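Single-letter residue listing:
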Amino acid sequence: MPTIHQVSNNSRRRRKVHPSSIKKLQHCPQKKGVVSKIRVVTPKKPNSARRKVARVRLSNKFMITARIIGQGHNLQSYSHVLVRGGRANDLPGVRYTLIKGVLDFNWEETIRRTKSRSKYGISLEHLRLE
């Protein structure tokens, strides 16, 4: 509980400003970019897998590493993608995620999704077509 003196001296009572972890998006919800390289990375200690990540040059000339979500993808060098924030917890330095179903990043996967479709850009109409 603050004292009366602390409350009256309001200049010192400021809310702490936390730095953004997705600075390279420059306060935008998404940014467009071009894939320069696709790699496979292994996650940190307790986990074991081969996660797919892409080096992307954003429209504001920043180079970032973004993860490729889902099972299977059609990306290659010079593919145009849309990037959003959202880090991969077990991949160091990966703070961005690619959005499926936009630009050159196709929503189709090797395994057919029935749950959590919207997160991957798959609507019911797409599932009915096949």
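Residues numbered from 1 in each chain as written. Predicted model: local features only at pLDDT ≥ 70, side-chain atom pairs only at ≥ 80, totals over all residues. Heavy atoms only, no water.

Draft legend 1. Here's a closer look at the nonpolar core. Counting 14 residues, the largest nonpolar core has V56, I64, V81, V83 and L98 as the members making the most contacts within it. For this core, the secondary-structure elements that each account for two or more residues are β2 (51–58), β3 (63–67), β4 (80–85) and β5 (96–98). Not counting chain neighbours up to four residues away, the residues in contact with V81 comprise K31, K32, G33, V35, V56, L75, L98, L103 and F105. (Core = buried A, V, L, I, M, F, W, Y, C linked by side-chain atoms within 4.5 Å. Buried < 20%, exposed > 50% of the residue type's maximum accessible area, 1.4 Å probe, protein only. Helix = DSSP H or I, 4+ residues; strand = E, 2+ residues; numbered from the N terminus. Contact = heavy atoms within 4.5 Å.)

Draft legend 2. Looking closely at unusual backbone geometry. Located in the positive-phi region is Q26, a residue other than glycine, with phi close to 55 degrees. Mapping Q26 onto the fold places it in the loop between α1 (4–8) and β1 (30–41). Of note, the phi angle at Y78 is positive, near 70 degrees, even though the residue is not glycine. Overall, Y78 belongs to the exposed group, its relative accessible area being 69%.

Draft legend 3. Structural context of the side chain of K100. Take K100: it is sitting in the loop between β5 and α2 (124–129). In this structure the side chain of K100 is engaged in a polar contact, spanning 3.5 Å, whose partner is the backbone oxygen of G72. (Polar contact = N/O pair within 3.5 Å; in protein donor to acceptor, adjacent residues only side chain to side chain.)

Draft legend 4. Layout of the side chain of T97. Along the chain, the position of T97 falls in strand β5. Of note is the side chain of T97, whose polar atom sits 2.6 Å from the backbone oxygen of G86. Setting aside residues up to four positions removed in sequence, T97 forms contacts with A66, R67, I69, L82, V83, R84, G85 and G86.

Draft legend 5. Layout of the sheet that holds β4. The strand order around the closed barrel built from five strands is β1-β2-β3-β5-β4, with neighbouring strands paired in mixed fashion. Adjacent strand axes in the sheet meet at a mean angle of 50 degrees, parallel and antiparallel pairs treated alike. The sheet contact formed by β1 and β4 spans five bridges and is antiparallel. When the bridges of β4 are listed, K32 appears paired with L82. (Pairing = 2+ DSSP bridges. Axes fitted to C-alpha atoms, helices over the stretch in contact; angles between N-to-C directions.)

Draft legend 6. A look at a positive patch on the surface. Where like charges cluster on the molecular surface, the positive patch consists of K23, K24, K44, R87 and R95. Tracing the sequence through the fold places K44 in the loop between β1 and β2. Owing to a relative accessible area of 46%, K44 belongs among the partly exposed residues under this scheme. (Patch = residues over 30% accessible without salt bridge, like charges linked within 9 Å, V, L, I, M, F, W, Y side chains within 5 Å. Areas by Shrake-Rupley, 256 points an atom, 1.4 Å probe, with all protein chains shown as cover. Salt bridge = Lys/Arg side-chain N within 4 Å of Asp/Glu carboxyl O. Lys, Arg positive; Asp, Glu negative; His and termini not counted. Charge placed at Lys NZ, Arg CZ, Asp CG, Glu CD.)

The values reported here are purely geometric and, on their own, carry no functional implication.
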